[in-house]
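Here is how the chains run, residue by residue.
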Amino acid sequence: MNDIEAILERNRAFATAWNEGDAEAAAGFFAEDGVRVGAMGDVQHGRAEIETAYRQLLNGPLSGASVAQETGEVRLLTDDLAVWSAAMKIQRSDGSPAMKGHVVQVMKKVDGRWMILEAHPKLFPRHPLEG
C-alpha cells in the first residue's frame, strides 16, 4: 500500500472509531504530540487531552451521531509529512439536518504509520435556503 492509500485508510478507520463512539480509539489516531482544534474553537494538546475532548463530545452533544468523510485529497509534503483534507457531514441521532463541514489534517509518519499531527475540523453555518 502506498502512502496516499495508507493515509486514506487511516482516515476511514478514524471515522469508524468516531462512529462507534470510541473516544480512546479515535484519539489513538493522533501522534502523542498531536493537536486538535475543534469545530467550536476548543484546542487540545496531546493524545490524553484529545481523548478527553472526544469522550465529552461523543458522550455529550454528539452521542449517537455519525460522521461521513469524503475521500478527500492527500498532498505529500515530504516522506513523512502530508496534508489530508475532505468534506465531512455529521448526522445527529435525533434526525435533525446533517451538519456539513470540512476537515484539514497534517499527517506525520511515525514508526511506519501515518498519525494525525494536527486536525482542524470545521462546521459550516446552515445556508438560509436549506430546510
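Let us look at the structure shown here. One numbering rule holds for all chains: residues counted from 1, following each sequence as written. At least 70 in pLDDT is required for a residue's local features to be given in this predicted model, at least 80 for side-chain atom pairs to be given and counted, and no such filter applies to totals for whole chains, interfaces and linings, which use all residues. To get the side-chain values, all heavy atoms of the structure are used, and hydrogens and water are removed first.

Some words on the nonpolar core
What we call a nonpolar core is a set of buried Ala, Val, Leu, Ile, Met, Phe, Trp, Tyr and Cys residues that are connected through their side-chain atoms within 4.5 Å. Relative accessibility thresholds used throughout: buried, under 20% of the residue-type maximum; exposed, over 50%; partly exposed, between the two (1.4 Å probe, protein chains only). Residues Trp18, Tyr54 and Trp84 are the most contacted members of the largest nonpolar core, which totals 30 residues. Considering every element that reaches this core, the biggest residue donor is helix H1 (residues 3–19), with seven residues. Elements are defined by DSSP. Helices are runs of H or I of four residues or more, strands are runs of E of two residues or more, and each kind is numbered from the N terminus.

Details of helix H3 (residues 47–58)
When the terminal C-alpha atoms of H3 are compared, their 16 Å separation across 12 residues agrees well with the 16 Å that a helix rising 1.5 Å per residue should span. When we look at burial in H3, the residues that qualify are Ile50, Ala53, Tyr54 and Leu58. Along the long axis of H3, the arc covered by the buried residues comes to 115°, so they all point the same way. Those residues of H3 that are exposed and aimed more than 90 degrees away from the buried face are Ala48 and Gln56. If you follow the buried residues of H3, they end up packed against H1, helix H2 (23–27), strand S1 (30–37) and strand S2 (43–45). Helix span, expected: 1.5 Å multiplied by one less than the number of residues in the helix. In this context, the arc is that of the directions from the helix axis out to the C-beta atoms. Contacts are assigned to residue pairs with any non-hydrogen atoms lying within 4.5 Å of each other.

Regarding the packing of aromatic side chains
When the centres of two rings from Phe, Tyr and Trp lie within 6.5 Å, Trp using its six-membered ring, the rings pair. Their planes under 30 degrees apart give stacked, over 60 give edge-to-face, and anything left gives tilted. Counting across every chain of the model gives three aromatic pairs. Their ring planes at 90° and their centres at 6.0 Å tell us that phenylalanine 14 and phenylalanine 29 sit as a pair that is edge-to-face. Here phenylalanine 14, found in helix H1, pairs with phenylalanine 29, found in the loop between H2 and S1; they are 15 residues apart in sequence, far enough to count as distant. In this structure phenylalanine 14 comes out as buried when scored by relative accessible area, which is 6%. For phenylalanine 29, a relative accessible area of 12% corresponds to the buried category. Taking the centre distance of 6.2 Å and the plane angle of 50° together, the rings of phenylalanine 30 and tyrosine 54 count as tilted. A residue pair is termed long-range when its members are at least 10 positions apart, and phenylalanine 30 in strand S1 and tyrosine 54 in helix H3 qualify at 24 residues. Both residues of the pair, phenylalanine 30 and tyrosine 54, count as buried. Within the aromatic cluster, the residues linked to one another by ring pairs are Phe14, Phe29, Phe30 and Tyr54.

Some remarks on the pattern of salt bridges
We count a salt bridge whenever a side-chain nitrogen from Lys or Arg sits within 4 Å of a carboxyl oxygen from Asp or Glu. As enumerated under the stated definition, the model contains six salt bridges in all. The shortest N-O distance in the salt bridge between lysine 108 and aspartate 33 comes to 3.7 Å. Highlighted residues: lysine 108 in strand S6 (residues 99–110) and aspartate 33 in strand S1, separated in sequence by 75 residues.

Side note on H1
Taking 1.5 Å of rise per residue, 17 residues should cover 24 Å, and H1 covers 24 Å from first to last C-alpha, within 8% of that figure. Within H1, burial applies to Ala6, Ile7, Leu8, Arg10, Asn11, Phe14, Ala15, Ala17 and Trp18. Residue glycine 21 follows H1 closely and has a positive phi angle near 70°.

Examining the environment of alanine 53
Take alanine 53: it is sitting in helix H3. For alanine 53, a relative accessible area of 12% corresponds to the buried category. In sequence terms alanine 53 and alanine 23 are 30 residues apart; their C-alpha atoms lie 8.2 Å from each other. Not counting residues up to four positions away in its chain, the partners in contact with alanine 53 are Arg36 and Gln44.

Examining unusual backbone geometry
Phi is positive for aspartate 111, which is not a glycine, with a value near 50°. Aspartate 111 sits in the exposed class, given a relative accessible area of 80%.

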